[in-house]
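Chain by chain, the residues run as shown.
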Amino acid sequence: MNKIIDPSNLILEFLEVAIHCILYSRKLYPDGIFTLQKKYGVPIHVSMYPDLNNYIFESLNAVKYVLLKNELKQMDICFYNRLAKPIERFIFKISSLQQNIKNIENHDPYLLKLKEMFRSFCLKLGSNNSYMTPLPEGANFKIAIHTNEKASTSLSEDPQFQKFPWIEAEKIDIDIDNATLIPLRTIEHDLFNIHIYSEESETK
């Protein structure tokens, strides 16, 4: 039987896992709000805090909105100090998205290669954290979506996002001065490509 794979769902699931793993690894919140689950064959920490989970859910809902239009260029997880200055971010650049590939038998039929790449990223986060300076007291984070003007306008006008409005950010809101770049993982697959890296300010 031919399989129909939806790459968008695979990306959204991975981004959700990545957000939780990054927030845990960067110790922005107490360890007690996370519970241990298993994903991609490795243990991961997932938030149990309702307000945080709602923010992640609504953010990924918007990511899905532009992803399905094939207009998602990049998603950032941005960290700020108490003065609202961007000091660190994790960047996910998404490209070559293929919609609903059929006959996946010739393209990693059980998605084992893809899941292994996802697994490798989750494991890499732990070692990457040891190279990064701890976040300062009073730090917070935001999720940023990079898309085109058409999709941005459509997103801001869509009624489903009225209770969770998206605001266009200035470059100063997300760009980090004198950033150190750390490559994390490149996921290259027949379904899509995701290039992942982090940036850290030299002075937090």
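Computed from a predicted model, the values in this text were never measured in an experiment.

**Q** Go over the overall build of the chain, please, and point to the residues and values.
**A** A count of helical and extended segments in the chain gives 5 helices and 9 strands. When the helices and strands of the chain are placed in sequence order, the string is β-α-β-β-α-β-β-β-α-β-α-α-β-β. By the compact-globule yardstick of 17 Å for 204 residues, the chain fits well, its C-alpha radius of gyration being 17 Å. Across its three principal axes, the chain shows a C-alpha extent of roughly 55 × 40 × 35 Å. Within the chain, the fraction of its 204 residues that count as buried is 47%. If you take every contact in the chain between residues at least 6 apart in sequence, the share linking residues at least 24 apart comes to 74%. Here the chain contributes 23 positively and 26 negatively charged side chains, and the mean placements of these two sets differ by 5 Å.

**Q** So what's going on with the nonpolar core? Residues and values would help.
**A** The biggest cluster of nonpolar side chains holds 62 residues, and the ones touching the most others in it are F14, F79, F92 and F192. Looking at this core element by element, the count peaks at 12 residues for helix α1 (residues 7–25). The contacts of F79, once residues within four sequence positions are left out, are I22, L23, R26, L28, K85, P86, I87, E88, F90, L135, N140 and F141.

**Q** Now, about the packing of aromatic side chains: what can you tell me, with residues and values included?
**A** In this structure the tally under the stated criterion is 11 aromatic pairs. Ring geometry for F14 versus F92: centroids 6.3 Å apart, planes at 70°, classification edge-to-face. Highlighted residues: F14 in helix α1 and F92 in strand β5 (residues 86–95), separated in sequence by 78 residues. A relative accessible area of 0% places F14 in the buried class. Taking NZ or CZ as reference, K39 lies 5.5 Å from the ring centre of Y40, over its face. Across the ring face of Y80, the terminal group of K142 is positioned such that the distance to the ring centre comes to 5.5 Å.

**Q** Could you give me a rundown of the pattern of salt bridges, with the residues and numbers involved?
**A** According to the stated counting rule, one finds 8 salt bridges in the structure shown. For E88, the salt bridge is made with R26, and the minimal N-O distance between the two is 2.6 Å. A residue pair is termed long-range when its members are at least 10 positions apart, and E88 in strand β5 and R26 in the loop between α1 and β2 (34–39) qualify at 62 residues. When its relative accessible area of 0% is taken as the criterion, E88 is described as buried.

**Q** With reference to specific residues and values, describe the sheet that holds strand β7 (residues 140–146).
**A** The sheet built from 5 strands is open, its strands ordered β7-β4-β5-β9-β8 with antiparallel pairing. Two strands close off the open sheet at either side, each with one partner strand: β7 and β8 (179–188). On average, adjacent strands in this sheet sit at an angle of 15° to one another, irrespective of strand direction. As paired elements, β5 and strand β9 (residues 193–201) share 8 bridges and run antiparallel to each other. When the sheet's bridge partners are listed, I91 is paired in β9 with Y197. Docked against the sheet, α1 engages β4 (74–80), β5, β7, β8 and β9, running at close to 165° with respect to β5.

**Q** Please provide a residue-by-residue account of helix α2 (residues 50–68), values included.
**A** End to end, α2 covers 26 Å across 19 residues, agreeing with the expected 27 Å (1.5 Å per residue, within 8%). Along α2, the residues classified as buried are L52, I56, E58, S59, L60, A62, V63, Y65, V66 and L67. Looking at the buried side of α2, the elements it contacts are α1, β3 (42–47), β4, β7 and α4 (149–157). Positive phi appears at N70, one or two residues downstream of α2, with a value of about 60°.

**Q** Talk me through the environment of E202; I want residue IDs and the actual numbers.
**A** On the secondary structure map, E202 appears in the segment after β9. Overall, E202 belongs to the exposed group, its relative accessible area being 59%. Along the primary structure E202 and I176 are separated by 26 residues, whereas in three dimensions their C-alpha atoms are 9.3 Å apart. Not counting chain neighbours up to four residues away, the residues in contact with E202 comprise N178 and T180.

What counts, and at which threshold
- Residues numbered from 1 in each chain as written.
- Predicted model: local features only at pLDDT ≥ 70, side-chain atom pairs only at ≥ 80, totals over all residues.
- Heavy atoms only, no water.
- Helix = DSSP H or I, 4+ residues; strand = E, 2+ residues; numbered from the N terminus.
- Rg over C-alpha atoms; globule rule 2.2 N^0.38 Å.
- Buried < 20%, exposed > 50% of the residue type's maximum accessible area, 1.4 Å probe, protein only.
- Contact = heavy atoms within 4.5 Å.
- Lys, Arg positive; Asp, Glu negative; His and termini not counted.
- Charge placed at Lys NZ, Arg CZ, Asp CG, Glu CD.
- Core = buried A, V, L, I, M, F, W, Y, C linked by side-chain atoms within 4.5 Å.
- Phe/Tyr/Trp six-rings, centres within 6.5 Å; stacked < 30°, edge-to-face > 60°.
- Lys NZ or Arg CZ within 6 Å of the ring centre and 35° of its normal.
- Salt bridge = Lys/Arg side-chain N within 4 Å of Asp/Glu carboxyl O.
- Pairing = 2+ DSSP bridges.
- Axes fitted to C-alpha atoms, helices over the stretch in contact; angles between N-to-C directions.
- Expected span 1.5 Å × (residues − 1).

Read these as layout, nothing more, since geometry by itself doesn't imply function.
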